[in-house]
Amino acid sequence: EKHKRSLWYRLHSLYQLTAQVANGQTDYSQISSLQGPCFYPAGNLWMYLPVYYLHTYTHDAEYIMKVVHFLVHSIITLSMSKVAYKYFEGEPHRA
């Protein structure tokens, strides 16, 4: 229960920070949330803008992000497996 509350609190703070960037705040020193001043790197907030807009415009944002995360993770895992296979293909003793 405490972990869930902590995670919700962090995500809520992240959305507050991202909302400020989405609403045009570009002065990093003026961006803050329930947790205080922004402690994320500035570029990190820009990465969350698509997620913020998705949550703003649809009720299915959580499911869409889960599918996107699954697809990206699967592609990365498959790509790394192919690289590892090629690397160790001729010399299995290197593994």
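Residues numbered from 1 in each chain as written. Predicted model: local features only at pLDDT ≥ 70, side-chain atom pairs only at ≥ 80, totals over all residues. Heavy atoms only, no water.

A. Representation of the nonpolar core in the model. Grouped together as the largest cluster of nonpolar side chains are eight residues: Leu14, Leu17, Val21, Ile31, Cys38, Tyr40, Leu45 and Leu49. Among the elements that make up this core, the one with the highest residue count is helix 1 (residues 2-22) (three residues). Once you skip the residues sitting within four places of it in the chain, Val21 turns out to touch Ile31, Leu45, Trp46 and Leu49. (Core = buried A, V, L, I, M, F, W, Y, C linked by side-chain atoms within 4.5 Å. Buried < 20%, exposed > 50% of the residue type's maximum accessible area, 1.4 Å probe, protein only. Helix = DSSP H or I, 4+ residues; strand = E, 2+ residues; numbered from the N terminus. Contact = heavy atoms within 4.5 Å.)

B. Quick peek at the packing of aromatic side chains. Counted by the stated rule, this structure contains four aromatic pairs. Look at Tyr53 and Tyr57: their rings are 6.4 Å apart centre to centre, the planes differ by 15°, and that puts the pair in the stacked class. Taken as a pair, Tyr53 and Tyr57 lie in helix 3 (residues 49-57) at a separation of four residues, close to a single helical turn. A relative accessible area of 67% means that Tyr57 is categorised as exposed. These aromatic residues form a ring-pair network of at least three members: Tyr52, Tyr53 and Tyr57. (Phe/Tyr/Trp six-rings, centres within 6.5 Å; stacked < 30°, edge-to-face > 60°.)

C. How the structure looks around the environment of Tyr53. Judged by its relative accessible area of 35%, Tyr53 falls in the partly exposed class. Put simply, Tyr53 and Ile31 are 22 residues apart on the chain and 18 Å apart in space, counted from C-alpha to C-alpha.

D. Layout of the packing of helix 3 against helix 4 (residues 61-88). Look at helix 3 against helix 4: their axes get within 9 Å of each other, and the N-to-C directions meet at 145°. Only Ala61, Glu62, Ile64 and Met65 of helix 4 make contact with helix 3, whose side of the interface consists of Val51, Leu54 and His55. (Axes fitted to C-alpha atoms, helices over the stretch in contact; angles between N-to-C directions.)

E. Quick look at a nonpolar patch on the surface. Taken together, the side chains of Ile64, Val68, Val72, Ile76, Met80 and Val83 make up a nonpolar region of the molecular surface, amounting to roughly 510 Å² of accessible area. In this fold, Val72 is placed in helix 4. (Patch = residues over 30% accessible without salt bridge, like charges linked within 9 Å, V, L, I, M, F, W, Y side chains within 5 Å. Areas by Shrake-Rupley, 256 points an atom, 1.4 Å probe, with all protein chains shown as cover. Salt bridge = Lys/Arg side-chain N within 4 Å of Asp/Glu carboxyl O.)

F. Structural context of the side chain of Ser13. Locating Ser13 in the fold gives a position in helix 1. A relative accessible area of 1% places Ser13 in the buried class.

G. Structural context of helix 3. Along helix 3, the residues classified as buried are Leu49, Val51 and Tyr52. Summarising the axial view, the buried residues of helix 3 lie within an arc of 160°, below the 170-degree limit, and thus occupy one face. With respect to the buried face of helix 3, the exposed residues turned more than 90 degrees away are Pro50 and Tyr57. (Arc of directions from axis to C-beta.)

H. Fine view of the environment of Gln20. Looking at the secondary structure, you find Gln20 in helix 1. Put simply, Gln20 and Tyr9 are 11 residues apart on the chain and 17 Å apart in space, counted from C-alpha to C-alpha. Discounting chain neighbours no more than four positions away, the residues touching Gln20 are Gln25, Gln30, Ile31 and Ser32.

Such coordinate-based values are descriptive only and should not be taken to indicate function.
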